[in-house]
Amino acid sequence: MTIKIDILSDIALEVVNRLRSRPLLNYGLLGGDLGDIIFLYHYSRIDSCYESIADGLLEKMLQSLSLQPRIATYCSGLAGLGVGLLGLQHEGFIDGTETALDAIDPTIAKSLDLFISNNNIDFLHGLIGIGFYLLERSNSSKEYSVSNLSKIIDYLDKSKITDDAIVKWRYNANRLSKPYNISLSHGVSSIVVFICRLLKSGILGEKFNAIIKQMLEGAARYILSNRVDVDKLGCWFASSSIECDDRPHRSRLAWCYGDLGVATALLEAGNTLHDSSVRDIAIQVLLYSAKRRDIKANYVNDFCVCHGSVGIAQIFRSHGITLEQEELLDAADYWEKNTLSRVVMDGQGRHTLLYYDPENGGYVERGGVLDGIAGAGLYLLGEQTHLNKLLLMPCQ
């Protein structure tokens, strides 16, 4: 535990020094400065002086908002900003978010129409990400949320491709060489999680619920239709949808693409539909994945949440607690230890973690939740619930 405290202290200092040195702060939730600020708020429960520091940095970020381009995405835009502010309010760190949300709602609604016209379904960078914001926003602005959530479901229903009870969608078909995608970060798995939560909320009423349930059943079947030969590839689902690749490739062990993200979606679908067959397959995938511990074969190049050891540990711990599966908790411990083994000392003698940058083939310092130290910090703090909420994982 002592080593974790030392690492967290140094991560907090690294975040503060970086954010204070910059004239403007961006409002990215997963890929930007807001994620770092969220970490600092949670760290303030260990060192209370960081709460005022986080307050000051949040104010600086909000003041910077008017000087930056307005994008509406979940990863780095206004939808993520809204989710982040609502999460901080729910945790009791801030209050009075309504003014900020009222100011960004019109831009989000306008961007939703643009994403629909461009067939941009993506979770991190398109309309599904906005959908998750609208679900959070519905608690305080129901009419606004219902109106725009209805647009999303109407679009998904009209654009779906149905084949023998299978439902799927094409992603940016005019721009992508692989228009079908089953991943959690960018594909049908994120749609499944979204419509599960929308269905459970009941916010759109019975008429829409019937449409949503039919889509959910078909989308779950589509994901299952992408199963590959686990004995040959060493995974249940390849990195690409099978109709996009004549020779499927072994997928990462990761949140973004591969078995762990897909199993998360299938488990939520099985629970929502009360379908034990879908749920059982999801659990089988997770238990098989718990035995995948070859770092090289599973493409675990660094610590990051998106496709590194922290994200893997987070998924196994989350599902291990929910399912009461010791095998998954043991896998979480393994990948947490792997993360701690990646800690290095920087030039000032402080603990840090380095992100592997594939563009230059080297390791670099990086902030943020998805690829940077804020995500690792939230995990090491034991803030799995808040991190789960940001990553579409089940919240205990």
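This is a predicted model, so every value here is computed, not measured.

(A) Spotlight on the overall build of the protein chain. Looking only at helices and strands, the protein chain has 16 helices and 6 strands in total. For 396 residues, the compact-globule formula gives about 21 Å, and the C-alpha radius of gyration of the protein chain, at 20 Å, lands near that figure. Viewed in the frame of its principal axes, the protein chain has a C-alpha envelope of about 60 × 50 × 40 Å. Put simply, the protein chain has 396 residues, and 58% of those count as buried. Contacts in the protein chain between residues far apart in sequence, at least 24 positions, make up 64% of those at least 6 positions apart. With an accessible surface of roughly 16100 Å², the protein chain has 49% of that area assigned to carbon and sulfur atoms.

(B) Quick peek at the side chain of Arg292. Of note, Arg292 is situated in the loop between helix H12 (276-289) and helix H13 (309-323). Residue Arg292 is classed as buried on the basis of its relative accessible area, which comes to 5%. Engagement of the side chain of Arg292 in a polar contact is seen with the side chain of Asp259, the distance being 3.3 Å. Each residue touching Arg292, except ones within four places of it in the same chain, is listed here: Gly234, Cys235, Arg250, Ser251, Arg252, Leu253, Asp259, Asn298 and Trp335.

(C) Looking closely at unusual backbone geometry. Although it is not a glycine, Asn119 adopts a positive phi angle of roughly 55°. Within the element layout of this structure, Asn119 appears in the loop between helix H5 (98-117) and helix H6 (127-137).

(D) Representation of the packing of aromatic side chains in the model. One pass over the structure, following the stated rule, counts 8 aromatic pairs. Here Phe123 and Phe132 contribute two aromatic rings whose centre-to-centre distance is 5.6 Å and whose plane-to-plane angle is 70°, an arrangement assigned as edge-to-face. Of the two residues examined, Phe123 and Phe132, each falls in the buried class. Relative to Phe194, the ring of Phe132 has its centre 5.5 Å away and its plane inclined at 65°; by these criteria the two rings are edge-to-face. Of this pair, Phe132 sits in helix H6 while Phe194 sits in helix H8 (residues 188-201), and the two are 62 residues apart along the sequence. With relative accessibility at 7%, the residue Phe132 sits in the buried group. You can call Phe194 buried: its relative accessible area is 0%. Joined through ring pairs, the aromatic side chains of Tyr74, Phe123, Phe132 and Phe194 make up one cluster.

(E) Inspection of the nonpolar core at higher detail. The biggest cluster of nonpolar side chains holds 137 residues, and the ones touching the most others in it are Phe39, Tyr133, Leu156, Trp169, Phe194 and Trp255. If one sorts the elements of this core by residue count, H8 sits on top with 9 residues.

(F) Layout of the packing of helix H11 (residues 259-273) against H13. Where H11 contacts H13, the axes come no closer than 11 Å and their chain directions differ by 30°. Considered as vectors, H11 and H13 are oriented roughly parallel to each other. Both H11 and H13 take part in a crossing whose hand is left-handed. Counting all contacts with H11, which are made through Leu260, Thr264 and Leu267, the residues of H13 involved are Ile312, Ile315, Phe316, His319 and Leu323. Of the residues that constitute the contact of H11 with H13, the class distribution is 6 nonpolar, 2 polar and no charged.

Thresholds applied
- Residues numbered from 1 in each chain as written.
- Predicted model: local features only at pLDDT ≥ 70, side-chain atom pairs only at ≥ 80, totals over all residues.
- Heavy atoms only, no water.
- Helix = DSSP H or I, 4+ residues; strand = E, 2+ residues; numbered from the N terminus.
- Rg over C-alpha atoms; globule rule 2.2 N^0.38 Å.
- Buried < 20%, exposed > 50% of the residue type's maximum accessible area, 1.4 Å probe, protein only.
- Contact = heavy atoms within 4.5 Å.
- Areas by Shrake-Rupley, 256 points an atom, 1.4 Å probe, with all protein chains shown as cover.
- Polar contact = N/O pair within 3.5 Å; in protein donor to acceptor, adjacent residues only side chain to side chain.
- Phe/Tyr/Trp six-rings, centres within 6.5 Å; stacked < 30°, edge-to-face > 60°.
- Core = buried A, V, L, I, M, F, W, Y, C linked by side-chain atoms within 4.5 Å.
- Axes fitted to C-alpha atoms, helices over the stretch in contact; angles between N-to-C directions.
- Parallel < 35°, antiparallel > 145°, perpendicular 65-115°, else oblique.
- Left-handed = near helix turned anticlockwise from the far one by under 90°.
- Nonpolar A, V, L, I, M, F, W, Y, C, P; charged D, E, K, R; others polar.

Any link to function would need more than the numbers given here.
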